[in-house]
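Here's the letter readout for the chains.
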Amino acid sequence: MAGGSAIRGSRIGAGPMGEAERGDAAPRAFVTYWCANGHEVTPSFSVDASVEIPAQWPCKRCGLPAGQDKDNPPAAPTAEVYKTHLAYVKERRSDTEGEAILDERLGELRDRGLIQ
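Residues numbered from 1 in each chain as written. Predicted model: local features only at pLDDT ≥ 70, side-chain atom pairs only at ≥ 80, totals over all residues. Heavy atoms only, no water.

Caption draft 1: Looking closely at the pattern of salt bridges. Counting across every chain of the model gives two salt bridges. Residue Lys83 pairs with Glu91 through a salt bridge whose shortest N-O separation is 2.4 Å. By relative accessible area, Lys83 is classed as partly exposed at 31%. For Glu108, the salt bridge is made with Arg105, and the minimal N-O distance between the two is 3.0 Å. Of this pair, Glu108 and Arg105 are both found in helix H2 (residues 95-112), three residues apart, which corresponds to roughly one turn of the helix. For Glu108, a relative accessible area of 35% translates into the label partly exposed. (Salt bridge = Lys/Arg side-chain N within 4 Å of Asp/Glu carboxyl O. Buried < 20%, exposed > 50% of the residue type's maximum accessible area, 1.4 Å probe, protein only. Helix = DSSP H or I, 4+ residues; strand = E, 2+ residues; numbered from the N terminus.)

Right, here's the structure in full:
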């Protein structure tokens, strides 16, 4: 027989009454959400008046946003296209401004004798 314990699988403080000794559970409201892939998510919220039930909830299966309207779920967010450093520079400067800056910098390097 492997060395074991007679109380394996039990936790400290667990008695014969189990969870009932902790008192009554708070009243809960179950809200169903659907994502664009048709997955159904049903989280529970407190019935307390101060709790605001969100319009969207993330789907546990695919991560897309899920809404309460099964026939019209929220659209998947669009991924922003990756931009290079040059693309960001071109957004800030026109071609003529870029040429002027380049000419200025090349002039400084020529004055120092670093380029011809």
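Moving on from the coordinates now.
Caption draft 2: Structural context of the sheet that holds strand S3 (residues 40-41). Here we have four strands laid out as an open sheet, ordered S3-S2-S6-S5, and antiparallel in their pairing. The open sheet has two free edges, formed respectively by S3 and strand S5 (56-58), since each of these has just one partner strand. Of the strand pairs in this sheet, S5 and strand S6 (residues 65-67) are connected by three bridges, and their pairing is antiparallel. Within S6, the position partnered with Trp57 by the bridge is Ala66. (Pairing = 2+ DSSP bridges.)

Caption draft 3: Representation of the packing of aromatic side chains in the model. A full pass over the atoms with the stated rule returns two aromatic pairs. Between the aromatic rings of Tyr33 and Trp57, the centroid separation amounts to 6.3 Å while the plane-to-plane angle is 25°, which identifies the pairing as stacked. Of this pair, Tyr33 sits in strand S2 (residues 33-35) while Trp57 is found in strand S5, placing the two residues 24 residues apart along the sequence. With 5.2 Å between their ring centres and 90° between their planes, Phe45 and Trp57 make a pair best called edge-to-face. You can see Phe45 sitting in strand S4 (residues 44-46) and its partner Trp57 sitting in strand S5, a full twelve residues away along the chain. What makes Phe45 buried here is its relative accessible area of 9%. Accessibility expressed as a relative area gives 29% for Trp57, which makes it partly exposed. These aromatic residues form a ring-pair network of at least three members: Tyr33, Phe45 and Trp57. (Phe/Tyr/Trp six-rings, centres within 6.5 Å; stacked < 30°, edge-to-face > 60°.)

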